[in-house]
Amino acid sequence: MAFSYWLSRLRSSSKSFFYSNLQTSNFHNLKTPKPHTTTPIFHSHTSKNPLLALLPAVLAGSLSVGSLALQSQSNPSFCDASNLDSARGVSIGGKGSTEFVVKGSHKELSQELIDELKAICQDNMTMDYDERYIHGKPQNSFHKAVNIPDVVVFPRSEDEVSKIVKSCDTHKVPIVPYGGATSIEGHTLSPNGGVCIDMSMMNSIKALHIEDMDVVVEPGIGWMELNEYLEPYGLFFPLDPGPGATIGGMCATRCSGSLAVRYGTMRDNVISLKVVLANGDIVKTASRARKSAAGYDLTRLVIGSEGTLGVITEVTLRLQKIPQHSVVAMCNFPSIKDAADVAIATMMSGIQVSRVELMDEVQVKAINIANGKDLPEIPTLMFEFIGTEAYAREQTQIVQKIAAEHNGSDFVFAEDPEAKKELWKIRKEALWACFAMEPNFEAMISDVCVPLSHLAELISRSKQELDASPLVCTVIAHAGDGNFHTVILFDPTIEEHRREAERLNKFMVLTALSMEGTCTGEHGVGTGKVKYLEKELGVEALRTMKRIKAALDPNSIMNPGKLIPPHICF
């Protein structure tokens, strides 16, 4: 496929939207009637790119996924211990690893396999270096690998995916399922080369069941494109990760987003999957019934498996009715602890908010720089309330009172559709705003999550470390479910930057784990978080995962090296 075709797809995935000014009349100040002036809110890099979606390996994310080397041992699935990796010259980020560049060995693809792939995909494959390089380097991640895919294929059907995977398994060649390329933990890396399966051509909506409130889609469709299709029917899919994420990648990383506090994560919104296993078999994980007690829950086994167990080729999603009315509110606080305390108090009050998002003063400053705005540069909470008009307004007033009890100020809310959309764009495009502060740096993004009662303490302790660091760091939190991100801007080529970024990230992860939390609430493991899994889950849990992996993928071709630490043996 021509490089120009790829570039056109890449451009569409990062198309910018420019938003008009928020109008004063769209906001209501519940404390004082002083005028509220606004300026344009943000440039959005949304994706019209049905770009991929793929299997439980994609990230991203949404998501996308990479894959690691395949060695010609009798059964590398049973033990990829670190000493064996060293002997092979393979380093994939195991226990205690601080490597940003994932090492791996490389073996040339046989002409026989290339011919088989050409027979299956015909013109829908490429060995062009530029396209292979783009597929081997995540768009939004500092992680790198020593190799890139040897070939990129673009299957058009489930049958083609099955044939591709079966051929790769026969030749013992690693597979890198590839989605929207929005993941940030190295999911799309191909340290040992192999075959990248780009799912972007499988982007159709196969069936919409309005009365059942579900939809059957292929994995390459993006969540934003899906919601555009559903809007005329009064329905929507409630998960909203980063722009450009595809449904397959979202399944692969078990993603969520700002609406998870109300609607749950990907595992709660997928009814059934179809998955191609490593031997080419096609498995349907469940029926379309809303609940079932029939057998193992294979659907949730695959969700979050990051392409290590199979390639997702079809997804049945649970849908929701578009709310009758909604209100978006913003409030400022003197400290980030006050803001976090209000988020916790709001959830404890029993109010069913659909979003509770927190930004610290550094993040607000980044938004001002990126968009020429003049927002108060202090910790800020954003809420969304849904329901009937009366109910949404009642919730707004209750939360305004809670905020006032915790030193909240400048409580404003919006009901006009365009004003609400533009307010949320501030939050959805927060990552891109950060780069306005350090345009030439990359971002290490933490993803810790703790039980809600520990959120304020975790953020406060983390904030002390972040503020004392010489690096620019911002805090963005899904404060309603205990998940918060830190964007650490650094130059990966400077060793002092790398060490400091890693130190901060490790501090937050270990602090979260000490509070019975997790190293990743929604971004997934990939290669970036794999080193923390033993401390979080224990070696027996990881050995159990390894056994499942070995049973379903005995040749370890499905994203080998991802998710399960390489030192785990059984």
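Predicted model only: the values in this text are computed from it and were never measured. (Residues numbered from 1 in each chain as written. Predicted model: local features only at pLDDT ≥ 70, side-chain atom pairs only at ≥ 80, totals over all residues. Heavy atoms only, no water.)

## Details of the overall build of the protein chain
Next up, step 1: When its secondary structure is counted, the protein chain shows 19 helices and 26 strands.
Next up, step 2: Buried residues in the protein chain amount to 60% of all 570 residues.
Next up, step 3: Partitioning the intrachain contacts of the protein chain with sequence separation of at least 6 by distance along the chain shows that 78% fall at a separation of at least 24.
Next up, step 4: When the accessible surface of the protein chain is summed, it comes to about 21500 Å², and 52% of that surface belongs to carbon and sulfur atoms. (Helix = DSSP H or I, 4+ residues; strand = E, 2+ residues; numbered from the N terminus. Buried < 20%, exposed > 50% of the residue type's maximum accessible area, 1.4 Å probe, protein only. Contact = heavy atoms within 4.5 Å. Areas by Shrake-Rupley, 256 points an atom, 1.4 Å probe, with all protein chains shown as cover.)

## Things to note about the sheet that holds strand β7 (residues 125–126)
Next up, step 1: Strand order in this open sheet of four strands is β7-β9-β11-β10, and the pairing throughout is mixed. At either end of the open sheet lies a strand with only one pairing partner, and these are β7 and β10 (175–178).
Next up, step 2: Direction of pairing for β10 relative to strand β11 (residues 195–198): parallel, over a ladder of four bridges. Residue pairing for β11: Ile-175 is matched across the bridge by Val-195.
Next up, step 3: Along the sheet face, helix α4 (residues 129–136) touches β7, β9 (151–153), β10 and β11 and points at about 80 degrees away from the line of β9. (Pairing = 2+ DSSP bridges. Axes fitted to C-alpha atoms, helices over the stretch in contact; angles between N-to-C directions.)

## Let's talk about the side chain of Asn-483
Next up, step 1: Following the sequence through the fold, Asn-483 ends up in strand β26 (residues 483–490).
Next up, step 2: Looking at Asn-483, the relative accessible area reads 3%, which means it is buried.
Next up, step 3: A distance of 3.3 Å separates the side chain of Asn-483 from the side chain of Asp-447, its partner in a polar contact.
Next up, step 4: In this structure, Asn-483 is in contact with Asp-447, Val-448, Cys-449, Ala-477, His-478, Gly-521 and Glu-522, ignoring residues within four places of it in sequence. (Polar contact = N/O pair within 3.5 Å; in protein donor to acceptor, adjacent residues only side chain to side chain.)

## Considering the pattern of salt bridges
When the charged atoms of two side chains lie near each other, side chains of opposite charge can form a pair.
Next up, step 1: Counted according to the given criterion, the structure contains 27 salt bridges.
Next up, step 2: Asp-159 is paired through a salt bridge with Lys-163; the nearest N and O atoms lie 3.2 Å apart. Here Asp-159 and its partner Lys-163 are both found in helix α5 (residues 158–171), four residues apart, which amounts to about one turn of the helix.
Next up, step 3: Among the residues examined, Lys-163 registers a relative accessible area of 43% and is labelled partly exposed.
Next up, step 4: Across the pair Asp-212 and Arg-288 runs a salt bridge, and its minimum N-O distance is 3.0 Å. Note that Asp-212 is positioned in the loop between β12 (205–209) and β13 (214–217) and Arg-288 in the loop between β16 (282–284) and α10 (298–302), a separation of 76 residues in sequence.
Next up, step 5: Classification of Arg-288 as partly exposed rests on a relative accessible area of 35%. (Salt bridge = Lys/Arg side-chain N within 4 Å of Asp/Glu carboxyl O.)

## Structural notes on helix α3 (residues 111–121)
Next up, step 1: The set of residues buried in α3 consists of Leu-113, Ile-114, Leu-117, Ile-120 and Cys-121. Down the axis of α3, the buried set is contained in an arc of 125 degrees. They therefore lie on one face. Of the exposed residues in α3, the ones pointing more than 90 degrees away from its buried face are Glu-112 and Ala-119.
Next up, step 2: On its buried face, α3 is in contact with β7, β9, α5 and β11.
Next up, step 3: Directly after α3, the chain includes Gln-122, whose backbone phi takes a positive value near 55 degrees. (Arc of directions from axis to C-beta.)

## Section: the environment of Met-359
Next up, step 1: Residue placement: Met-359 occurs in strand β20 (residues 355–359).
Next up, step 2: Here Met-359 falls in the buried class, since its relative accessible area comes to 1%.
Next up, step 3: Residues Met-359 and Ala-339 lie 20 residues apart in sequence; the distance between their C-alpha atoms is 9.0 Å.
Next up, step 4: Not counting the four nearest positions on each side in its chain, Met-359 is found in contact with Val-364, Ile-367, Ile-378, Pro-379, Thr-380, Met-382, Ile-426 and Val-475.

## Here we look at the nonpolar core
Next up, step 1: Of all hydrophobic cores here, the largest spans 57 residues; its most connected members are Leu-358, Leu-381, Phe-383, Phe-385, Phe-484 and Ile-488.
Next up, step 2: Beyond its immediate sequence surroundings of up to four residues, Ile-488 is in contact with Glu-442, Ala-443, Met-444, Leu-471, Val-472, Cys-473, Ala-501, Leu-504, Asn-505 and Met-508.
Next up, step 3: Counting 26 residues, the second largest nonpolar core, distinct from the first, contains Val-215, Trp-223, Phe-237 and Met-250. (Core = buried A, V, L, I, M, F, W, Y, C linked by side-chain atoms within 4.5 Å.)

## Overview of the confidence of the model for the protein chain
Any region with low pLDDT has predicted coordinates that should not be read closely.
Next up, step 1: Averaged over all residues, the pLDDT of the protein chain equals 84, while 82% of them reach at least 70.
Next up, step 2: A low-confidence stretch, residues 1–78 (pLDDT under 50), is modelled with 321 contacts involving residues beyond four sequence positions or located in other chains.
Next up, step 3: Low pLDDT, under 50, characterises residues 80–93; the predicted model gives this stretch 38 contacts beyond four residues in sequence or across chains. (pLDDT = per-residue confidence, 0-100.)

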